[in-house]
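Geometric and topological summary
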Amino acid sequence: MTRLTGRALRLTVFVGEMDTWHHKPLYAEIVHRAHAAGLAGASVFKGIEGFGASSLIHTSRLLSLSEDLPVAIVIVDTEDRVRAFLPQLDALVTEGLVTLDDCEVIRYVGRGAESGESDRKGKKSL
């Protein structure tokens, strides 16, 4: 497990849920590449309403516009590791927004990491 405390960098990628990379959801490709790159973690959050550079409002309130809701992929790790990952995003994100924010990690512990318990999938935590 990556140990992460103190100063860190938060990478947030805003795309549409219908955006794809080789017939696969773009958000899933970003998460899998972040995992393969050994980053500390990534989470995907689905929005209920929003608009971007195209100024088209996407909302879950209207069926006709609910097909491409906003999605945010959030990754937190050390500055060096996040910046090393940015070139992969350049190839993946052709429409959307990518932001970086300084942050401070207060606690980063996996399930059962302190007691050596197995997680829900039966794998022993490291």
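For the structure itself, consult the block above.
Scope of this entry: the structure provided in the associated data block. (Residues numbered from 1 in each chain as written. Predicted model: local features only at pLDDT ≥ 70, side-chain atom pairs only at ≥ 80, totals over all residues. Heavy atoms only, no water.)

A look at the layout of surface pockets
Empty space within the second largest pocket amounts to approximately 470 Å³. Taken together, 18 residues form the lining of the second largest pocket, with Val15, Gly16, Gly52, Ala53 and Gly96 sitting closest to its centre. Breaking the lining of the second largest pocket down by element, the ones donating at least two residues are β1 (6-16) and β7 (70-77). By residue number, the principal contributor to the lining of the second largest pocket is β1, which donates three residues. A breakdown of the residues in the lining of the second largest pocket according to their chemical character gives nine nonpolar, six polar and three charged. (1 Å grid on protein atoms, 1.4 Å probe; cavity = no way out; pocket = protein on both sides within 12 Å on 5 of 7 lines; lining within 4 Å. Points joined across faces, edges and corners; volume = space filled by probe spheres on them. Helix = DSSP H or I, 4+ residues; strand = E, 2+ residues; numbered from the N terminus. Nonpolar A, V, L, I, M, F, W, Y, C, P; charged D, E, K, R; others polar.)

Overview of the pattern of salt bridges
Scanning the model with the defined rule gives six salt bridges in all. Among the salt bridges present, the one from Glu17 reaches Lys46, with a minimum N-O distance of 3.5 Å. Linking Glu17 in the loop between β1 and β2 (20-21) with Lys46 in strand β4 (residues 42-46), this pair joins segments that are 29 residues apart in sequence. Given the relative accessible area of 57%, Lys46 is considered exposed. Between Glu29 and Arg33 there is a salt bridge, with its nearest N and O atoms 2.8 Å apart. Remark: Arg33 and Glu29 occur in helix α1 (residues 26-36); sequence separation between them is four residues, near one turn of the helix. (Salt bridge = Lys/Arg side-chain N within 4 Å of Asp/Glu carboxyl O. Buried < 20%, exposed > 50% of the residue type's maximum accessible area, 1.4 Å probe, protein only.)

Here's the deal with the side chain of Thr12
Locating Thr12 in the fold gives a position in strand β1. By relative accessible area, which is 8% here, Thr12 ends up buried. Apart from the residues lying within four places of it in its own chain, the contact partners of Thr12 are Ala72, Ile73, Val74, Leu97, Val98 and Thr99. (Contact = heavy atoms within 4.5 Å.)

Considering the pairing of β7
The element β7 is largely enclosed, with a buried count of six among its eight residues. With eight bridges joining them, β1 and β7 adopt antiparallel strand pairing. Within β7, the position partnered with Thr12 by the bridge is Val74. Two elements, β4 and β7, share five bridges in a ladder whose sense is antiparallel. Residue pairing across strands places Phe45 opposite Ala72, the latter belonging to β7. (Pairing = 2+ DSSP bridges.)

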